[in-house]
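Breakdown of the fold
Here is how the chains run, residue by residue.
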Amino acid sequence: MNDISFPLKKLWFFHIFVIVLSNYAVQIPLSLFGINTTVGTFTYPFIFLATDLTTRIYGQHRARRIVLFAMIPALILSYIVGTLFEQGQWQGIAALGNFSVFVFRIALASFSAYVLGQLADILVFQRLRRLPRWWPAPTASGIFGNLLDTYVFFAVAFMACPVPFMAEHWFELATFDYTVKLCANLLLFVPAYGAVLAYLSKCVFKRPLTALP
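Residues numbered from 1 in each chain as written. Predicted model: local features only at pLDDT ≥ 70, side-chain atom pairs only at ≥ 80, totals over all residues. Heavy atoms only, no water.

In this section: the nonpolar core. One finds Ile-19, Tyr-44, Ile-47, Met-71, Phe-111, Tyr-114 and Val-115 to be the most contacted residues of the largest nonpolar core, which totals 20 residues. For this core, the elements supplying multiple residues, two or more each, are α1 (6-25), α3 (45-58), α4 (60-84) and α5 (101-128). Top element by residues in this core is α4. It accounts for seven residues. Residue contacts for Tyr-44: discarding those within four places in its chain leaves Val-18, Ile-19, Ser-22, Tyr-114, Gln-118 and Asp-149. (Core = buried A, V, L, I, M, F, W, Y, C linked by side-chain atoms within 4.5 Å. Buried < 20%, exposed > 50% of the residue type's maximum accessible area, 1.4 Å probe, protein only. Helix = DSSP H or I, 4+ residues; strand = E, 2+ residues; numbered from the N terminus. Contact = heavy atoms within 4.5 Å.)

What follows is about the environment of Gly-194. Tracing the sequence through the fold places Gly-194 in helix α7 (residues 164-204). Since its relative accessible area comes to 11%, Gly-194 is described here as buried. Between the C-alpha atoms of Gly-194 and Val-152, which are 42 residues apart in sequence, the distance is 28 Å.

A few words now on unusual backbone geometry. Of note in the backbone geometry, Ala-160 takes a positive phi value of approximately 60° without being a glycine. Secondary-structure assignment places Ala-160 in the loop between α6 (136-158) and α7. Given the relative accessible area of 67%, Ala-160 is considered exposed.

Summed over the entire model, instances satisfying the criterion amount to 15 aromatic pairs. Between the aromatic rings of Tyr-79 and Phe-99, the centroid separation amounts to 5.7 Å while the plane-to-plane angle is 25°, which identifies the pairing as stacked. A residue pair is termed long-range when its members are at least 10 positions apart, and Tyr-79 in helix α4 and Phe-99 in the loop between α4 and α5 qualify at 20 residues. The class for Phe-99 is exposed, based on a relative accessible area of 57%. In textbook terms, an aromatic cluster arises when at least three aromatic residues are bridged by ring pairs, as seen for Tyr-151, Trp-170, Phe-171 and Tyr-178. (Phe/Tyr/Trp six-rings, centres within 6.5 Å; stacked < 30°, edge-to-face > 60°.)

What follows concerns α6. Taking 1.5 Å per residue as the helical rise, α6 with its 23 residues ought to reach 33 Å, and the 33 Å between its terminal C-alpha atoms agrees with that figure. Judged by how many residues are buried, α6 sits mostly within the fold: 17 of 23 residues are covered. Positive phi appears at Ala-160, one or two residues downstream of α6, with a value of about 60°. (Expected span 1.5 Å × (residues − 1).)

Summed over all chains, the structure comprises two salt bridges. Note that Asp-177 and Lys-181 form a salt bridge whose closest N and O atoms lie 3.3 Å from each other. Here Asp-177 and its partner Lys-181 are both found in helix α7, four residues apart, which amounts to about one turn of the helix. For Lys-181, a relative accessible area of 8% gives the class buried. A single salt-bridge network, built from bridges that share partners, covers Asp-149, Asp-177 and Lys-181. (Salt bridge = Lys/Arg side-chain N within 4 Å of Asp/Glu carboxyl O.)

Take it as geometry only, folks, not as evidence of what the structure does.
Listed below in structure tokens is the structure:
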């Protein structure tokens, strides 16, 4: 971590915070306009927003470094929080004394999805970041990053798991979750990316968007 500057250390902490928060929030059901989803669907995409901004401003190598430094702490903390709040209910400190295969599998799924999804996001964004317009890069990277992230998570967490409903319907649930994430990304997070980037370009870097390295 010593070779990461202070702003990047804050992004590193932000990644870990959002991962742990989302692993708890995914247990909180949410219904919007008759569509059943979870709060985690709307918290986790903030990581893609942060990663895209990091790649745009600091480059793909530093963005990858943040992902690699964040993955192990996020795995450990996700397991701890998942054990303490299994199924969304406080289980007490004593729960940490018992190893939960189910919680660990979810934490491992989150770990795998995070690493693969973020690396895919960085790869796609890097290929498109030099385009004259700012929006193709975060749009395309969000589409492919969320695609890989969502299906890896549901496959690792629920394929052939001991919960019959999840084991049988994990693919349909993943498809629905991805659809909700895709809509949220296009309607909320891509515009948010544009607004933040415009602010940074005007007030911090004092350069046009296309002039950012």
